Amino acid sequence: LRASNLNGIEVPGLTERIITTMFADDTTVFLSANDSYSHMRTLLDRWWCKGSRAKFNEPKTVLIPLGPRAGRERIRRDRTLAEGTERLPGGIRILDEGEGTRMLGAWIGPDHDDATPWTSVVNTIQRNLERWSRRRPTLKGKQVIVNLEVGSRTQYLARVQGMPKEIEKSLEKMISKFLWDGKRVAVAGATMGRPVDEGGLKILNIAARNEPIDLMWLRSYLDLSGLRPRWAHLADALIAKAILASERRVAPTARVNIFLQTWNTNTSILAGMPRDLARMLKAAKRYGVALDAQNPSNDLAEALPVWYH
């Protein structure tokens, strides 16, 4: 696929186009409006399926429309990647607006509701906490159970998907109800989350646990070395596109990196900023993350963007 003439997706800052990701038996292929599904399918059948003796499972194939909403609706209506091109096979499912599909533990889709993947997780936690409550555990026992049931079951999804505020608050209420058997709270949650030597019980604090996750994403994003992840280059483009209206004088080609330059972006979802990037940028603002080179070397100065730094 990478050696083929498929266009895939080109991202500013990346020398190679994004064409495919593979993990075990899961394969994701990125096609542009100018690509041909049948050509891609021929490549997979000829090289990958024949070489690995695997079989392409078309009934399980899901197409995720990208781009503006009008374009996504046209893909569903016409079942073509572009107007006047070949129709997609009838067995391929095209995701509707708000619908998601699972990819390596995360859920993605066009205008997908971030809370949807959490429904089954929250329901499982609630059932298990109710089951544990019937055993009447001690307060110390409840601390272990909360870390096991709530902490362990939410950590991975929070890392790859992000946790919406409404889910965060729902889990906090569950923890409080479990700790105090649905009665009046005897000790504030902030106090219960402190270490034992500070008068607490180290009860899991969901909000405090989630914030470092956003900072870990920020650390990866700010890695400007040759090992910078591909998603960070895509994030650059999305952040630059959501620039504040008052900053539109900055030419699109001059918007390189918000942390290396002086222009600002709009973190509102209405401005087109994805929720996970908005959380990352808000965490950076709370902790005052900024470039602060007191006496930069010539090499560092030459590596900075030419404009707006």
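A brief report on the enclosed structure follows. (Residues numbered from 1 in each chain as written. Predicted model: local features only at pLDDT ≥ 70, side-chain atom pairs only at ≥ 80, totals over all residues. Heavy atoms only, no water.)

### Digging into helix α9 (residues 275-286)
(1) Moving on: In this model, α9 (12 residues) spans 16 Å end to end at C-alpha, consistent with the 16 Å of a helix rising 1.5 Å per residue.
(2) Moving on: Residues of α9 that are buried include every one of L277, A278, M280, L281, A283 and A284, and no others.
(3) Moving on: At its buried positions, α9 is contacted by α7 (206-221) and α8 (230-241).
(4) Moving on: At the C-terminal side of α9, G288 shows a positive phi close to 65 degrees. (Helix = DSSP H or I, 4+ residues; strand = E, 2+ residues; numbered from the N terminus. Expected span 1.5 Å × (residues − 1). Buried < 20%, exposed > 50% of the residue type's maximum accessible area, 1.4 Å probe, protein only. Contact = heavy atoms within 4.5 Å.)

### Some details on the environment of R79
(1) Moving on: Inspection of the secondary structure puts R79 in the loop between α2 (69-78) and β4 (93-94).
(2) Moving on: Under the relative-accessibility criterion, R79 is labelled buried at 17%.
(3) Moving on: Taking the C-alpha atoms as reference points, R79 and V29, 50 residues apart in sequence, are found 17 Å from one another.
(4) Moving on: If we skip the residues at most four places from it in the chain, R79 touches R74, E86, R87, L88, P89, G90, I92 and I94.
(5) Moving on: Polar side-chain contacts of R79 include one of 2.7 Å to the backbone oxygen of P89.
(6) Moving on: A distance of 2.8 Å separates the side chain of R79 from the backbone oxygen of I92, its partner in a polar contact. (Polar contact = N/O pair within 3.5 Å; in protein donor to acceptor, adjacent residues only side chain to side chain.)

### Some remarks on the packing of aromatic side chains
(1) Moving on: Using the criterion set out here, one finds three aromatic pairs in the structure.
(2) Moving on: Through a chain of ring-to-ring contacts, the aromatic side chains of W217, Y221, W231 and F259 assemble into a single cluster.
(3) Moving on: In this structure, R159 packs its charged tip against the face of W217, placed 4.6 Å from the ring centre.
(4) Moving on: Seen from the ring of Y221, R228 lies directly overhead, with NZ or CZ sitting 4.9 Å from the centre. (Phe/Tyr/Trp six-rings, centres within 6.5 Å; stacked < 30°, edge-to-face > 60°. Lys NZ or Arg CZ within 6 Å of the ring centre and 35° of its normal.)

### As for the pattern of salt bridges
Two side chains bearing opposite charge may form a pair once their charged atoms approach each other closely.
(1) Moving on: Taken as a whole, this structure holds 17 salt bridges when the rule is applied.
(2) Moving on: Between R286 and E211 there is a salt bridge, with the nearest N and O atoms lying 2.7 Å from each other. Here the residue R286 occupies a position in helix α9, and E211 occupies one in helix α7, the gap between them amounting to 75 residues.
(3) Moving on: With relative accessibility at 22%, the residue E211 sits in the partly exposed group.
(4) Moving on: In this structure, a network of salt bridges that share partners links the residues R69, R72, E73, R76, D96, E97 and D111. (Salt bridge = Lys/Arg side-chain N within 4 Å of Asp/Glu carboxyl O.)

### So, the side chain of E168
(1) Moving on: In this structure, E168 sits in helix α5 (residues 165-179).
(2) Moving on: According to the relative accessible area criterion, E168 is buried, its value standing at 7%.
(3) Moving on: Setting aside anything within four residues of it in sequence, one finds E168 in contact with M163, I206, A207 and N210.

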